[in-house]
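Coordinate analysis (summary)
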Amino acid sequence: MMRALVLEKPGRPPVLAVKETPIPSPGPGEVLVEVEACGFCHHDLLVMAGVLRRGVKPGVILGHEISGTVVQPGEGVTTIATGDRVVSLLTNACGRCERCRSGREHRCIYGEGIGHGRDGGFAEYVALSEFSLVKLPEDVDLTGAALLACPMGVALQAVQNVAEVRPRETTVVTGAGGGLGVHGLQMAAALGSRVLAVTTSEDKLGRFASLGAEEILHTDELDFSEMILALTEDEGAEVVFDTVGSVLFSSSWRSLAQFGRLVLLGEVAGKAVELNLAEIIFRDARILGSSGVSRAVIEQVVDMVSQGQVAPVVGGAMPLEEAATAFDLLTGRSIFGRLVLTGR
Ligand SMILES: [Zn+2]
Ligand SMILES: [Zn+2]
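We now turn to the structure provided with this report.

Calculation notes
- Residues numbered from 1 in each chain as written.
- Chains lettered and ligands numbered in written order.
- Predicted model: local features only at pLDDT ≥ 70, side-chain atom pairs only at ≥ 80, totals over all residues.
- Heavy atoms only, no water.
- Donors = N, O, S within 2.8 Å, 3.2 Å for Na, K, Ca; no water.
- Tetrahedral: all angles 85-135°; square planar, octahedral: opposite > 155°, others 65-115°.
- Helix = DSSP H or I, 4+ residues; strand = E, 2+ residues; numbered from the N terminus.
- Pairing = 2+ DSSP bridges.
- Axes fitted to C-alpha atoms, helices over the stretch in contact; angles between N-to-C directions.
- Buried < 20%, exposed > 50% of the residue type's maximum accessible area, 1.4 Å probe, protein only.
- Contact = heavy atoms within 4.5 Å.
- 1 Å grid on protein atoms, 1.4 Å probe; cavity = no way out; pocket = protein on both sides within 12 Å on 5 of 7 lines; lining within 4 Å.
- Points joined across faces, edges and corners; volume = space filled by probe spheres on them.
- Salt bridge = Lys/Arg side-chain N within 4 Å of Asp/Glu carboxyl O.
- Phe/Tyr/Trp six-rings, centres within 6.5 Å; stacked < 30°, edge-to-face > 60°.

1. Re the coordination of the zinc ion (ligand 2)
Each donor-metal-donor angle would ideally measure 109.5 degrees in four-coordinate tetrahedral geometry, or 90 or 180 degrees in six-coordinate octahedral geometry. Distances from the zinc ion (ligand 2) to its protein donors, Cys94 (SG), Cys97 (SG), Cys100 (SG) and Cys108 (SG), fall within 2.3 to 2.4 Å. Taken together, the 4 donor atoms coordinating the zinc ion (ligand 2) span angles of 105 to 114 degrees at the metal, a pattern that classifies the geometry as tetrahedral. Sequence spacing among the residues donating to the zinc ion (ligand 2) works out to C-x2-C-x2-C-x7-C. Of the two residues, Cys97 is situated in the loop between strand 6 (91-92) and helix 2 (98-101) and Cys108 in the loop between helix 2 and strand 7 (112-113); the sequence distance between them amounts to 11 residues.

So this is what it looks like as structure tokens:
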């Protein structure tokens, strides 16, 4: 038997309990992973709060940001062995379909969302397909490794593959102290971009120094675009990496330069926005959405962390029993980086 976090009743706050459940047995092509850490994502918070329901398996064990050690390979496993240290993809991918073979395994035709459509990592053990795991070198810390796919890979994919940030372009990062923001700003800086970080939380200010942002803009007001224009000689920023969504949209939009790319990663409020379409045309602008991360990009993050170009920012590690406290901390946006829950 193992301990697993169970969502007994969604809500604010949710009813959570740690229960003894059977250790999953790995099927053909799957391996059993002993969980070291599992990041507490905004996605998990939305499911716990009862806001996100679609596609969620009843009674599912949440958590898709999983690092750990392989303890038991199932039948027919060839690429992963006992003792391997691994980080999971976000989707349990088959490895054989046309999308998996063309580098889009995060959109696997047979894929199930880990910690969503199938059991995830808020437990002592998890069974996943061998294709859904990326091996880690010895020099990568196993707790921090939980963040290498989401949020770090998700951030790199958005900055590099979707927004196509180029060296010396200016990137604005909103919600810069959050899990996506703090890694998005590191990724943009690592790609040679000048980063302007926007945060509403004053107590996080001192913690940005070493992460590569040129300016930290602390603002309680929703409109930070005046500050961005002042810092860019009224040109605006080539890229806005937005993790907050509709409440900041008008300001994010006004911060954007000619030929600018606004990449959207998070929507906190779920509200409609107002936009004059002519402005997109005359600004030659692009508004882009980005979610998920491919295996190749996760492997790139592993290399970047191994070489010290970027680092996971773990805002705290708590046992499964303290998940309710973690929920409150996340709701209050008082975490810098990403909180992880530990299986042991
Ligand atoms: Zn996540
Ligand atoms: Zn597939």
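From this point on, the discussion continues.
2. Section: the sheet that holds strand 10 (residues 170-173)
Read across the open sheet, the 6 strands follow the order 12-11-10-13-14-15; overall the sheet is parallel. Both edges of this open sheet fall to strand 12 (215-218) and strand 15 (286-289), since each of them pairs with a single strand only. Sheet twist, expressed as the mean angle between neighbouring strand axes with direction ignored, is 20 degrees. As paired strands, strand 13 (residues 237-242) and strand 14 (residues 256-264) are joined by 5 bridges and run parallel to one another.

3. As for the environment of Phe336
Among the structural elements, Phe336 can be located in the loop between helix 9 (323-331) and strand 17 (338-342). Look at Phe336 and you get buried, because its relative accessible area is 5%. Once you skip the residues sitting within four places of it in the chain, Phe336 turns out to touch Gly177, Val182, Lys204, Arg207, Phe208, Leu211, Val313, Val314 and Gly315.

4. So, empty space enclosed by the protein
For the structure on display, the rule yields 1 cavity of 30 Å³ or more. One number sums up the size of the largest cavity: a volume of about 40 Å³. Lining the largest cavity we find Leu5, Val6, Leu7, Leu16, Met48, Val60, Ile61, Leu62 and Phe122. Of the residues forming the lining of the largest cavity, the biggest block, 3 residues, is contributed by strand 1 (residues 2-9).

5. A short note on the pattern of salt bridges
Applying the stated criterion to the full structure yields 15 salt bridges. Note that Arg166 is salt-bridged to Glu169, the shortest N-O span being 3.3 Å. A relative accessible area of 9% means that Glu169 is categorised as buried.

6. Topic: unusual backbone geometry
In terms of backbone geometry, most residues other than glycine have negative phi values and most peptide bonds are trans. Cis geometry is adopted by the peptide bond preceding Pro13, which originates at Arg12 and carries an omega value of 5 degrees. As for its position among the elements, Pro13 is in the loop between strand 1 and strand 2 (15-21). Of the consecutive residues Cys150 and Pro151, the connecting peptide bond is found in the cis state with omega at 5 degrees. One non-glycine residue, Arg168, lies in positive phi territory at about 75 degrees. As for its placement among the helices and strands, Arg168 is situated in the loop between helix 3 (148-162) and strand 10. Residue classification places Arg168 among the exposed residues on the basis of a relative accessible area of 74%. Phi is positive for Asp284, which is not a glycine, with a value near 50 degrees.

7. Considerations on the packing of aromatic side chains
Counted according to the given criterion, the structure contains 3 aromatic pairs. Ring geometry for Phe40 and Phe122: centres 5.7 Å apart, planes at 55 degrees, overall tilted. Taken together, the residues span a long stretch of sequence, with Phe40 in the loop between strand 3 (30-39) and helix 1 (42-49) and Phe122 in the loop between strand 7 and strand 8 (125-129) at a distance of 82 residues. With 5.2 Å between their ring centres and 85 degrees between their planes, Phe208 and Phe336 make a pair best called edge-to-face.

8. Some points on the coordination of the zinc ion (ligand 1)
Taken together, the protein donors to the zinc ion (ligand 1) comprise Cys41 (SG), His64 (NE2), Glu65 (OE) and Cys150 (SG), at separations of 2.0 to 2.4 Å. Geometry at the zinc ion (ligand 1) is tetrahedral, judged from the 4 donor atoms that bind it and their angles of 89 to 122 degrees at the metal. All donors of the zinc ion (ligand 1) come from a single chain, and their spacing in sequence reads C-x22-H-E-x84-C. Placement of His64 in the loop between helix 1 and strand 4 (65-73) and of Cys150 in helix 3 is noted, with a sequence separation of 86 residues between them. As far as burial versus exposure is concerned, His64 and Cys150 are alike and both buried.

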